[in-house]
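A closer look at the structure
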Amino acid sequence: MASPLSISVVVPVYDEEENLRPLQAEIARALESLGEPWEVVYVDDGSRDRSLAVLLELRAQDRHVRIVQFSRNYGQTAAMAAGFDHARGDVVVTLDADLQNDPADIPALVAELRRGHDVVAGWRKERHDGFVLRRLPSLVANRLIASVTGVAIHDTGCTLKAFRREVVRNLPIYAEQHRFLPAMSAASGARVSELVVNHRPRRFGHSKYGIGRATRVLLDLLSIQMISSFSHRPMQYFGLLTLPFAAMAGAFLVYCAFQADTIQLDNTWGRAVLITFMLFFMVCAYLLMLGFLAELAVKASGLHGSRGRRLIVSEPMR
Amino acid sequence: MTLPQEERPNEEARELAKVGETFRPEALPALEGEAEMLALRQPKRRAPKKPQAEVLAITPHVAPAASALPGEPPEISVIVPVTTVDGRVREVVTALSAELDRLGRSHEFVIVFDGVRGAAWADAEALSRERPGRVLPMALQQAFGESMCLSAGLQRARGRIVVTTPQYVQIDPFELGPMLVAIDSGADLVSPWRHPRVDPVLNRLQSAMFNQVMRWMLHAQFHDLNCTFRVMRREVLRDVPIHGDMYRFLPAIAARQGFKVVERRVRHLKEWGGKGFFGLGVYGRRALDVLGVVFLSKFTHKPLRFFGTVGAVFLFLGAVLCLTTTVQGLMPDGGPILTRSLFQFGVLLFVLGVQVIGFGLVGEIIIYTQAQNLREYRVEKVWEAGDEPRDGDGGSARER
C-alpha cells in the first residue's frame, strides 16, 4: 500500500499553550532526521487557553501541521481516537503535549516497529514524577494489567507509542482505554514490543491526572479482560465466572448429603448452611443466564464468527 | 444512537409508517382524491380498536423528501408539535410569520399533530389553504410524544434553521429576531430563559426545582429547560438523538454532544393550559427521564464503571454482613444471631452485588459490539495543512 505519508504523529492537546512551540520544534527535528514524509495531527481537546491560537500559528509556519479541533473537552482517549481517524501515515505515533515524552525517541520507535512489530510501547524506565501519587499507583496498575491481559508491558500509561496504521484502524477505542491498546491489539494478533524511552520532568503547565483514576482503571481492566479474550464467546467468560460459585455450591451439597441426619432446619447451623448453598446456587444460575444474554447481544450485532475478530494480518512494512 | 438518517433504513421505514399522512391541498390534482378518502375515513380512525394494517394500507405512503412543500426551500422551518385538540395553531402561525416577514426571513411551518385532530386540525388545514406552500400540516397515527413529532417534522422541514415552538404563543414573537442573530453569530442552539415568569407560583416553583436538579445531575448551567421555544441549526435536531420526553433536555444533551448552546433571556407573555400540579405520574416519569439522560450521557461508553461501582458497594456490604453474623454465630454465646434476618439480608445483598456487576459486564459487551458506530467526540473544525479549514463532521459516525 503506497501511502504518500509514512509517519503521522498524533498529539492530544489540552491547555498546553507554553509547551506547543518547543514540542513542534523537537518533533520537526526528530522527524526531519528520518527523511521521510511526515505530518503532525494536533487534536485540540477543547482547550480553554491560547493553545488553538498557538497551533494555528504553528500551522502557518509549518506545512506538516494539521489540527483537529473538538467542540468541547472530551478527554484524552477521544482525542486519540480522533487523531487515529485523521492520521494518514503508515505509522502512527502518539505523544503527550506536555514535553515529558521526548520526540527524539520517535525514530527509535519507528525503527523497532519496522523490525517486524505492530505496536511498540514506550517504557519510561526513569520517571520524573512524584512517587506516591504517580509512580506507585502506576506500578501496581501495570503489574495488574500485565497479569490479567497476559501482555507484559512495563509501562502501559506512557503515551509515547507507535502503531502500524492497520492496528489502530481496526481497534475500537472507547472510554479511557488507550492504556489498554497494546493488550487489545495483542488479543487480535498484533506483535507487541516495548522500548525504553526518555522521560523528562514537566516544565510548563500542570498535570491533568489525579489518583481518582484507580478504581476506574480497575473496572476498565475487568471489561478489557473480558472483551479482549471473550468478546465473541461471552458464554465461556460467564461460565468461568460461575466456576468458583459452582464449586462452593457443590461442596455445600456434598456436606449436606453426608450430614443429612444431623442437619435440621430448625437448627441455626443447618439453616445457615442451607442459605449459603442457596446463595452460591443463585449466583451460578444468574451468571449463566447473563451469559446467554451476552451471547444474544453479540449475535444481534453480527460479531459472531469470522467477523468477530478483526484479525490483523501482518504484512511487511515498506 | 448517533447514526445519521441515511444509515438506518429500518428506522426510516418505521418513521414512515408512523407518519400517517400528509395533508397537501396544494399538491397534484391526482392526490386530491386521496385527501377525500382520508376525510371519509376519519371517524373510523377514532374507533377504539382500529385495524392497524388497514389504516396503513389506505394511508398514502410518500417519500419524506417528496412530500415537503413545493418551491424553493426557505431559510427557516418552524416545527409546531400539537399534542392537544385545543392547540392554538392559528395564533402561533400568525404571530410568528408576521415577525419573520418583518425580519425578512423566508420561512415555512410544519405542524405535527401528535395523534390528535379536532379544531386545531381544521385550523391547520385552513392555514395551509390560505398560505399555499408555507404551511404543512401532518399527523402521526397515534400519540408518540413531542420528541417523535420533532423528528417527524424535521424530515419534512427544509430550512437551514429550525425553530420549535409550543402550540400556543408563550414568548413574545419579537424575541425571534435576537435569537436568530445569536444563531447567525455562531451558536448552534438558542435556549430561552423566561424571565420574569408570569405563571402561578406553583408552576414557577416546580420549574425551578426541575432546573436545579438538572444543574446538579448534568452540570448543565441552564436557567430554564422547560420552555420549548427554541431556535437551532438543523444539524442539532438531526444529530442529537431524542425520544420520549427527552425533547425537554435538548439544550443540555446538545451541549454535552459539543454543540454550542447559548441561553437568552426572553419576555414571557402568558402561561397557557398549565394546571399547576401535574400529578404524581408526571413527576415520576420526568424523574426517570432525568436519570436515563444522566446515565446515558455519563456512562454510555463505560457501563461497567456505573454498574461495577454500584455492584461493588452491594457486594461489600453483603460480604461484611455475612462475615460478621457468621463470626457472631460461631461464638459460644451468640448462637441465635444467625437465625436473625441479618445473615439472610447479607446473602441477598451479595447476590444483588453479583447481579449488578453482571449487568455491567453485559453492558460492556453490548457497547463493544456497537463501538464502531458510537463515536464520542464531535469535531468542530479540521485545519488541514496549509489549506483553508473545513467544517467539522457534525458528529456523524461515517468516518469510523
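1. Remarks on the overall build of chain A
- Within chain A, the regular secondary structure consists of 10 helices and seven strands.
- Of the contacts made within chain A by residues no fewer than 6 positions apart, 80% connect residues no fewer than 24 positions apart.
- Accessible surface, chain A: about 14000 Å² in total, of which carbon and sulfur atoms supply 61%.

2. Overview of unusual backbone geometry
- Following His195(B), the chain continues into Pro196(B) via a peptide bond in cis, with omega recorded as -5°.
- By secondary structure assignment, the location of Pro196(B) is in the loop between β6 (189-194) and α8 (201-218).
- The phi dihedral of Asp15(A) is positive, around 50°, even though this residue is not glycine.
- As for its position among the elements, Asp15(A) is in the loop between β1 (7-13) and α1 (17-32).
- Phi angles above zero are rare outside glycine, and Leu99(A) is one such case at about 70°.

3. Regarding the pattern of salt bridges
- Going through the model one piece at a time under the given rule, you end up with 28 salt bridges over all chains.
- Residue Glu130(B) pairs with Arg90(B) through a salt bridge whose shortest N-O separation is 3.0 Å. With Glu130(B) in helix α5 (residues 119-130) and Arg90(B) in helix α4 (residues 89-103), the pair connects residues that are 40 residues apart, well separated along the chain.
- Given the relative accessible area of 31%, Arg90(B) is considered partly exposed.
- With a closest N to O distance of 2.8 Å, Arg267(B) and Asp172(B) form a salt bridge. Linking Arg267(B) in the loop between β8 (261-266) and α11 (280-299) with Asp172(B) in the loop between β5 (161-164) and α7 (176-184), this pair joins segments that are 95 residues apart in sequence.
- With relative accessibility at 14%, the residue Asp172(B) sits in the buried group.
- Linked through salt bridges whose partners overlap, the residues forming this network are Glu39(A), Arg66(A), Arg88(A) and Glu384(B).

4. Here's the deal with the interface of chain B and chain A
- Contact residues are listed per partner, giving 52 residues for chain B and 59 residues for chain A.
- Summing both sides of the interface, chain B and chain A together bury roughly 5000 Å²; the carbon and sulfur share of this comes to 65%.
- Asp220(A) serves as the salt-bridge partner of Arg305(B), at 2.7 Å between the closest nitrogen and oxygen.
- Inspection of the chain B/chain A interface yields 10 residue pairs in polar contact (both at pLDDT 80 or more).
- Breaking the side of chain B that touches chain A down by element, the ones donating at least two residues are α10 (250-256), α12 (303-330), α13 (341-370) and β9 (379-383) of chain B.

5. Digging into the packing of helix α9 (residues 234-258) of chain A against α13(B)
- Viewed as axis vectors pointing N to C, α9(A) and α13(B) meet at an angle of 165°, and their least axial separation amounts to 12 Å. The orientation of α9(A) with respect to α13(B), classified from their angle, is roughly antiparallel. Regarding α9(A) and α13(B), the two cross each other, and that crossing is right-handed. For the pair formed by α9(A) and α13(B), the contact residues are Pro234(A), Tyr237(A), Phe238(A), Leu241(A) and Phe245(A) on the first element and Phe350(B), Leu361(B), Val362(B) and Ile365(B) on the second.
- In terms of residue class, the contact of α9(A) with α13(B) is built from nine nonpolar, no polar and no charged.

6. A closer look at the side chain of Gln76(A)
- Position of Gln76(A) relative to the elements: it lies in helix α3 (residues 76-86).
- One polar contact links Gln76(A) to Asp96(A), side chain to side chain, over a distance of 3.3 Å.

7. As for helix α6 (residues 146-156) of chain B
- For α6(B), the tally of buried residues reaches nine of 11 residues, placing the bulk of the element in the interior.
- Three or more residues of α6(B) are buried, namely Glu146(B), Ser147(B), Cys149(B), Leu150(B), Ala152(B), Gly153(B), Leu154(B), Gln155(B) and Arg156(B).

8. Re the packing of aromatic side chains
- Scanning the entire structure with this criterion turns up 16 aromatic pairs over all chains.
- Through pairs of rings, three or more aromatic residues link up here, namely Tyr286(A), Phe295(B), Phe299(B), Phe306(B), Phe307(B) and Phe359(B).
- Taking NZ or CZ as reference, Arg72(A) lies 4.2 Å from the ring centre of Tyr74(A), over its face.
- For the cation-ring pair, Arg265(B) lies above Trp193(B), with the distance from its terminal atom to the ring centre recorded as 4.8 Å.

9. So, the pairing of β6(B)
Residues and elements named next belong to chain B.
- Most of β6 sits inside the fold, with six of its six residues counted as buried.
- Residues Leu189, Ser191 and Trp193 point to one face of β6 and Val190, Pro192 and Arg194 to the other, with burial holding for every one of them.
- Summarising the sheet, β6 and strand β7 (residues 230-233) pair through two bridges and their orientation is antiparallel. The partner of Val190 across the bridge, within β7, is Val231.
- Relative to β8, β6 runs parallel, the two sharing six bridges.

10. As for a nonpolar patch on the surface
Residue and element names in this part refer to chain A.
- Together, Phe131, Val132, Leu136, Leu139, Val140, Leu144 and Leu218 make up an exposed nonpolar region whose accessible area comes to about 630 Å².
- Take the nonpolar patch: its biggest share by element is six residues, from helix α5 (residues 131-149).
- Inspection of the secondary structure assignment puts Val132 in helix α5.
- Classification of Val132 as exposed rests on a relative accessible area of 61%.

11. With respect to the nonpolar core
- Counting residues in each nonpolar core, the largest one holds 38 residues, and the members touching the most others are Phe180(A), Phe238(A) and Phe245(A).
- Where this core is concerned, the elements lending two or more residues are α5, α8 (213-230), α9 and α10 (268-301) of chain A together with α12 and α13 of chain B.
- Ranked by residues supplied to this core, first place goes to α10(A) with 12 residues.
- Counting residues in hydrophobic clusters, the runner-up holds 36 residues, among them Met138(B), Phe210(B), Ala254(B) and Val294(B).

12. Details of the environment of Pro166(B)
Residue and element names in this part refer to chain B.
- Take Pro166: it is sitting in the loop between β5 and α7.
- Pro166 gets classed as buried once you look at its relative accessible area, which sits at 10%.
- Along the backbone, Pro166 and Pro192 are 26 residues apart, and their C-alpha atoms lie at a distance of 12 Å.

13. Description of α1(A)
All names here are of chain A.
- Its 16 residues give α1 an end-to-end C-alpha distance of 23 Å, which sits within 8% of 22 Å, the value for a rise of 1.5 Å per residue.
- Those residues of α1 that sit buried are Asn19, Leu20, Leu23, Gln24, Glu26, Ile27, Ala28, Ala30 and Leu31.
- On its buried side, α1 packs onto β1, β2 (38-44), α2 (51-61), β3 (65-70) and α4 (106-114).

Rules and cut-offs
Residues numbered from 1 in each chain as written. Chains lettered and ligands numbered in written order. Predicted model: local features only at pLDDT ≥ 70, side-chain atom pairs only at ≥ 80, totals over all residues. Heavy atoms only, no water. Helix = DSSP H or I, 4+ residues; strand = E, 2+ residues; numbered from the N terminus. Contact = heavy atoms within 4.5 Å. Areas by Shrake-Rupley, 256 points an atom, 1.4 Å probe, with all protein chains shown as cover. Salt bridge = Lys/Arg side-chain N within 4 Å of Asp/Glu carboxyl O. Buried < 20%, exposed > 50% of the residue type's maximum accessible area, 1.4 Å probe, protein only. Buried area = accessible area lost by both parts, 1.4 Å probe. Polar contact = N/O pair within 3.5 Å; in protein donor to acceptor, adjacent residues only side chain to side chain. Axes fitted to C-alpha atoms, helices over the stretch in contact; angles between N-to-C directions. Parallel < 35°, antiparallel > 145°, perpendicular 65-115°, else oblique. Left-handed = near helix turned anticlockwise from the far one by under 90°. Nonpolar A, V, L, I, M, F, W, Y, C, P; charged D, E, K, R; others polar. Phe/Tyr/Trp six-rings, centres within 6.5 Å; stacked < 30°, edge-to-face > 60°. Lys NZ or Arg CZ within 6 Å of the ring centre and 35° of its normal. Pairing = 2+ DSSP bridges. Patch = residues over 30% accessible without salt bridge, like charges linked within 9 Å, V, L, I, M, F, W, Y side chains within 5 Å. Core = buried A, V, L, I, M, F, W, Y, C linked by side-chain atoms within 4.5 Å. Expected span 1.5 Å × (residues − 1).

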